[in-house]
Amino acid sequence: MVCPPLETADDPCDLSLAEALSTTAARADRCVFFFDFDGTLAPIQDDPDAVQLAPGVLGAITDLAARVKRVSLVSARPVDFLRSRFPGVPLTLHGLYGLESQYGAGETVTYPPALPYADVIAELARRAERELPDDVLVEYKRLSVALHYRSAPELRDTVHAWAQEQAGRHGLREQEGRMVIELKPSVQRDKGSVVAEEIEGFSCAWYFGDDLGDLAAFRALADRRTTHPDFLGVRVAVRNPETGAEVAAAADLHLEGPSAVPPFLQKAVTAL
Ligand SMILES: [Mg+2]
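Scoring rules and cut-offs
- Residues numbered from 1 in each chain as written.
- Predicted model: local features only at pLDDT ≥ 70, side-chain atom pairs only at ≥ 80, totals over all residues.
- Heavy atoms only, no water.
- Helix = DSSP H or I, 4+ residues; strand = E, 2+ residues; numbered from the N terminus.
- Expected span 1.5 Å × (residues − 1).
- Buried < 20%, exposed > 50% of the residue type's maximum accessible area, 1.4 Å probe, protein only.
- Contact = heavy atoms within 4.5 Å.
- Arc of directions from axis to C-beta.
- Salt bridge = Lys/Arg side-chain N within 4 Å of Asp/Glu carboxyl O.
- Pairing = 2+ DSSP bridges.
- Right-handed = clockwise from strand over helix to strand, strands pointing away.

Enquirer: Can you help me understand helix H7 (residues 215-227) in this one?
Expert: A turn of α-helix holds 3.6 residues, and therefore any two residues three or four places apart point the same way. The end-to-end C-alpha distance of H7, which contains 13 residues, comes to 19 Å, matching closely the 18 Å that a straight helix rising 1.5 Å per residue would cover. Taken residue by residue, H7 has Leu-215, Ala-216, Ala-217, Phe-218, Ala-220, Leu-221 and Arg-224 as its buried positions. For H7, the secondary structure elements touched by its buried residues are helix H6 (191-198), strand S10 (204-209), strand S11 (232-238) and helix H8 (244-249).

Laid out in structure tokens, this is it:
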């Protein structure tokens, strides 16, 4: 149905895209669209708090949510942050790689196995502020802590060594992303398990992502295609100069950065 992963990023794979859109249209009531946030719907910035949606994203996601059964965000951000960027839009939100989720207008639910880690994560965030160089931006997110070195890329090894030591000492997991290393609970929860769980009962899913953490979600769609041959799973890489090659290599389709997402979605909405 959809073209296999591409060897080069230049192949637009147009014929398969048309086929994927017509199948999606026929299954709109059984289709879910997943999106990563940073680098996918919003350009990355030095200050994570300053990040805003790319122009046109809010309208495109709102229109899409009215046409398909479900639109879900799967992000390293907390649910509250994601909600603040999409006020009033009917979305399912998976924050902190699925450690917390909000379904529709309901309350935010925490993945129970992660709860015992809250104290050690809070203490770690305080220590990171004290022990790491000032150029490292420490983002405390209740059940994870992100160490951003975007403003000083030469600090990567320092941050990595510190994170590795803490992970070993406190039984945490490291998650590396674009100029960021996160420490999070050592529980079996990532974007792949979130997507695998949510696509149960759907016959069609699209996933848009830009970073290494999104590869697990791509794999979840590929696995579903293996076990359910009729399942339509489309992996869309939002390209970037940092991790773009690896993510693009695992995708069916490619878009050139967050600004390319709204026009693509409007085209898809028209087809739906
Ligand atoms: Mg991202």
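Enquirer: Before we go on, may I ask you to explain helix H9 (residues 261-271) in this structure?
Expert: The complete set of buried residues in H9 reads Val-261, Pro-262, Phe-264, Leu-265, Ala-268 and Val-269. Buried positions in H9, seen along its axis, are confined to an arc of 160 degrees and lie on one side of it. In H9, the exposed residues that point more than 90 degrees away from the buried face are Pro-263 and Thr-270.

Enquirer: What's the story with the pattern of salt bridges in this structure? I'm lost.
Expert: Any two side chains of opposite charge can pair if their charged atoms end up close together. Tallying each qualifying case throughout the model produces 20 salt bridges. Between Lys-191 and Asp-36 there is a salt bridge, with the nearest N and O atoms lying 2.9 Å from each other. Of this pair, Lys-191 sits in helix H6 while Asp-36 sits in the loop between strand S1 (31-35) and helix H2 (57-67), and the two are 155 residues apart along the sequence. The residue Asp-252 makes a salt bridge to Arg-235 at a minimum N-O spacing of 2.9 Å. You can see Asp-252 sitting in the loop between H8 and strand S12 (253-255) and its partner Arg-235 sitting in strand S11, a full 17 residues away along the chain. When sorted by exposure, Asp-252 lands in the same class as Arg-235, which is buried. Connected via shared salt-bridge partners are Asp-36, Lys-191 and Asp-214.

Enquirer: I'm lost on the pairing of strand S3 (residues 92-95) in this one. Help?
Expert: Successive side chains on a regular strand alternate, one facing one side of the sheet and the next facing the other. Here S3 shows a buried face lined by Thr-92 and His-94 and a second buried face lined by Leu-93 and Gly-95. Note: strand S2 (residues 70-74) against S3, three bridges, orientation parallel. Looking at S3, one finds that Leu-73 is bridged to Leu-93. For the crossover that starts at S2, traverses helix H3 (residues 79-85) and ends in the parallel S3, the hand is right-handed.

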